[in-house]
Amino acid sequence: MNSTLESRLTALGIINAETYAKKFEEDEWDWDGLVSLNEDALDGLVRKVGMKEGSEFKFKQCVKEERAKLGGSVFSSSALSAPLLEDQTSGVRVSGAAARESDGGRAFAEGCRWLYGYGEGVNYHEAVAYLKRGAELKHPMAAAHLASCLMEGKGCRNAGRSTELEATMWAMRSVDSLGLQHLADAGDASAKLALGLLLNAGIGQEMNQGAAQGSKRERHAQLQRLISRPFSTRFG
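In this text the structure is predicted, and so the values were computed from the model without any measurement.

1. Side note on the overall build of the protein
Inference 1: What the protein contains, in helices and strands, is 15 helices and zero strands.
Inference 2: The proportion of buried residues among the 236 residues of the protein is 45%.
Inference 3: Considering only contacts in the protein between residues 6 or more positions apart, those separated by 24 or more positions represent 65%.
Inference 4: Element-wise, carbon and sulfur atoms account for 50% of the exposed surface of the protein, whose accessible area totals about 11800 Å².

Laid out in structure tokens, this is it:
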């Protein structure tokens, strides 16, 4: 893949084509994949590889011309929900097949497969990559499982304070904006399990300390009561 992409970039007159091609290859992007990206995703990827201003302008112009030859917008379904290109301080890097996944439910299922060892054994790095992709695609259980893994240091590149903060962010997002609490209140067993995982990892009533207000504090108190119940009654 790299030699083909490198030759394409070289032919376009991109300086340091070999270096950029190798960086694109790290996330398994080929020329067709780059052309299929929407503008925001392409901008993020270009920033990630560190392309210089002159080369960036020429590269983007060539991508636009290629799209025009193919009949205008050629964004694939996966490109429309292209991976969020996190900065280098993130504890989890999403790349390869996980980055190309476009369905949050599938990403969550694949993450759990690696997390719990269904099929090919346990692989925490694969697990958190798929779970983060699912979280990026707004799957509440994926976000909660990701937060639990991050807090426990499973599959992380940089376990430490920044990872704990990232875990707390995903936990809060899953409970509040992604609807995990609503699903649990409606009786969804998977959502209740996900809430239990957050509390078991030490993320619960305390995660909004100093910022929590009113109903959020009450919700997190309810989570604490849930985890304190006998296991046989916890998720039924």
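2. Notes on the state of the cysteines
Inference 1: A complete count under the given rule lists zero disulfides for this structure.
Inference 2: Distance from the sulfur of Cys112, which forms no disulfide, to the nearest cysteine sulfur (Cys149) is 8.6 Å.
Inference 3: According to the relative accessible area criterion, Cys112 is buried, its value standing at 11%.

3. Regarding the packing of aromatic side chains
Inference 1: Overall, the coordinates contain three aromatic pairs when judged by the stated rule.
Inference 2: Considering the side-chain rings of Phe24 and Phe59, the 5.8 Å spacing of their centres and the 25° angle between planes classify their relative orientation as stacked. With a gap of 35 residues between them, Phe24 in helix α2 (residues 17–26) and Phe59 in helix α5 (residues 53–69) connect regions that are remote in the sequence. The burial state of Phe24 is the same as that of Phe59; both residues are buried.
Inference 3: Among the aromatic residues, ring-to-ring pairing joins Phe24, Trp31 and Phe59 into one connected group.
Inference 4: Over the aromatic face of Trp114 sits the side chain of Arg113, whose NZ or CZ is 4.6 Å from the ring centroid.
Inference 5: Here the guanidinium or amino end of Arg173 rests over the ring plane of Trp170, the centre of that ring lying 4.7 Å away.

4. Some details on the pattern of salt bridges
When the charged atoms of two side chains with opposite charge come close together, those side chains can pair.
Inference 1: Counted under the stated rule, the structure contains eight salt bridges.
Inference 2: Across the salt bridge formed by Glu66 and Arg8, the nearest N and O atoms sit 4.0 Å from each other. Taken together, the residues Glu66 in helix α5 and Arg8 in helix α1 (residues 2–11) connect sequence positions 58 residues apart.
Inference 3: Classification of Glu66 by relative accessible area gives buried; the value is 18%.
Inference 4: Owing to a relative accessible area of 33%, Arg8 belongs among the partly exposed residues under this scheme.

Parameters at a glance
- Residues numbered from 1 in each chain as written.
- Predicted model: local features only at pLDDT ≥ 70, side-chain atom pairs only at ≥ 80, totals over all residues.
- Heavy atoms only, no water.
- Helix = DSSP H or I, 4+ residues; strand = E, 2+ residues; numbered from the N terminus.
- Buried < 20%, exposed > 50% of the residue type's maximum accessible area, 1.4 Å probe, protein only.
- Contact = heavy atoms within 4.5 Å.
- Areas by Shrake-Rupley, 256 points an atom, 1.4 Å probe, with all protein chains shown as cover.
- Disulfide = S-S within 2.5 Å.
- Phe/Tyr/Trp six-rings, centres within 6.5 Å; stacked < 30°, edge-to-face > 60°.
- Lys NZ or Arg CZ within 6 Å of the ring centre and 35° of its normal.
- Salt bridge = Lys/Arg side-chain N within 4 Å of Asp/Glu carboxyl O.

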